[in-house]
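# Coordinate inspection notes
Here are the chains, one letter per residue:
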Amino acid sequence: MATGIVLGDNSYGKAECRLVHVERDPAGHRLTDLSVSVALGGDLAATHYTGDNTAVLPTDTQKNTVYAFARDGVGQIEDFGLRLARHFVHSQPTIHRARITIEQYGWQRNGDHPHSFVRGAPTRTATVTCGGEGEWVVSGVADLTVLNTTESEFHGFIKDRYTTLPETADRILATAVSARWRHGSADNPDWARSHAEAVRHLLDAFADTHSCSLQQTLYAMASRVLEHRPELVEARLSLPNKHHFLLDLSPFGLDNPDAVYHAADRPYGLIEGTAVRAGAAPAGQAW
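No experiment lies behind these values; they were computed from the predicted model shown.

The subject of this paragraph is the overall build of the protein. On a plain count of helices and strands, the protein comes out with 5 helices and 10 strands. If one aligns the C-alpha atoms of the protein with their principal axes, the spans along those axes are about 75 × 65 × 40 Å. Among the 287 residues that make up the protein, the fraction classed as buried is 40%. Once local pairs closer than 6 in sequence are excluded, the contacts in the protein between residues at least 24 apart make up 64%. Taking the average place of the 26 positive charges on the side chains of the protein and the average place of its 34 negative ones, the gap between the two points comes to 4 Å.

Encoded structure:
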């Protein structure tokens with residue numbers, strides 16, 4: 001070991017365990033499609049310093065545990081994450097901290113067919129952390145693409161020698177929402193309702209806000225979730241600005257009455273921010 005150098009914070013685990021669970025109810029099958037990542041921390045200095053693995057629970061074992069725990073059903077992903085995190089911490093004396101990160105991919109039933117599905121809904125997310133300092137649950141959503149065709153402005157910004165962007169009093173505002181919200185407690189009797197209501201308030205705030213900046217829209221969305229969901233104490237949003245530029249059709253002898261746009265892929269503005277309930281307990285290792 002190098003003199004004067006010590007091991008800092010570290011973790012290890014199995015990332016992106018792909019898991020599909022089918023509940024074969026005769027009235028109609030139910031499909032759960034997940035990516036589960038495990039990260040463990042604890043008394044692991046020896047494996048870093050000397051390669052002594054006596055404190056190491058293999059990542060392959062972690063993967064097998066994920067699949068074994070899914071044998072009898074997954075349920076709500078927050079509950080599944082808590083089951084796994086508590087198991088790793090409580091069953092292994094050398095493991096003091098476990099973080100389970102889950103993405104649930106959206107599938108919808110294909111019409112009235114009892115066993116046919118179409119993927120297309122936003123991705124539901126959850127991060128569960130269990131350790132000596134406590135337990136934290138962070139729920140969320142990704143790939144939630146939304147667009148307002150009007151009631152969005154952008155003007156009054158700094159202009160320097162490199163500025164070419166014109167001011168606008170009416171533009172398309174579009175984004176792909178990645179949002180996460182922290183629960184005040186790891187004990188929630190209805191994760192599904194909490195998640196559905198949080199997403200609903202995100203969508204309502206996006207639609208209702210007459211926006212003068214995407215930052216204003218972000219704060220309106222995050223704060224509305226906290227206002228209406230008392231079990232939540234913090235909301236973090238990441239909003240890429242999906243730019244839509246009005247096309248010039250004059251070379252073709254045509255006007256453009258705010259009808260035809262170019263949807264730009266990149267580069268894009270990226271706006272990120274957090275709303276926190278006043279007096280909320282610190283986040284610890286939640287995020």
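Quick look at the pattern of salt bridges now. Under the criterion given, the structure shown has 16 salt bridges. In this structure, Arg 182 and Glu 234 form a salt bridge, with 2.9 Å as the shortest nitrogen-oxygen distance. You can see Arg 182 sitting in strand β6 (residues 173-183) and its partner Glu 234 sitting in strand β7 (residues 232-241), a full 52 residues away along the chain. Side by side, Arg 182 and Glu 234 carry an identical accessibility label, which is buried.

In the structure shown here, the tally under the stated rule is 1 aromatic pair. Ring geometry for Phe 154 and Phe 157: centres 4.8 Å apart, planes at 20 degrees, overall stacked. For Phe 157, a relative accessible area of 17% corresponds to the buried category. A cation over a ring is seen here: Lys 159 above Phe 157, with NZ or CZ 4.7 Å from the ring centre. The ring of Tyr 268 has Lys 242 sitting right over it, with the charged end atom 5.9 Å from the ring centre.

Definitions and cut-offs
Residues numbered from 1 in each chain as written. Predicted model: local features only at pLDDT ≥ 70, side-chain atom pairs only at ≥ 80, totals over all residues. Heavy atoms only, no water. Helix = DSSP H or I, 4+ residues; strand = E, 2+ residues; numbered from the N terminus. Buried < 20%, exposed > 50% of the residue type's maximum accessible area, 1.4 Å probe, protein only. Contact = heavy atoms within 4.5 Å. Lys, Arg positive; Asp, Glu negative; His and termini not counted. Charge placed at Lys NZ, Arg CZ, Asp CG, Glu CD. Salt bridge = Lys/Arg side-chain N within 4 Å of Asp/Glu carboxyl O. Phe/Tyr/Trp six-rings, centres within 6.5 Å; stacked < 30°, edge-to-face > 60°. Lys NZ or Arg CZ within 6 Å of the ring centre and 35° of its normal.

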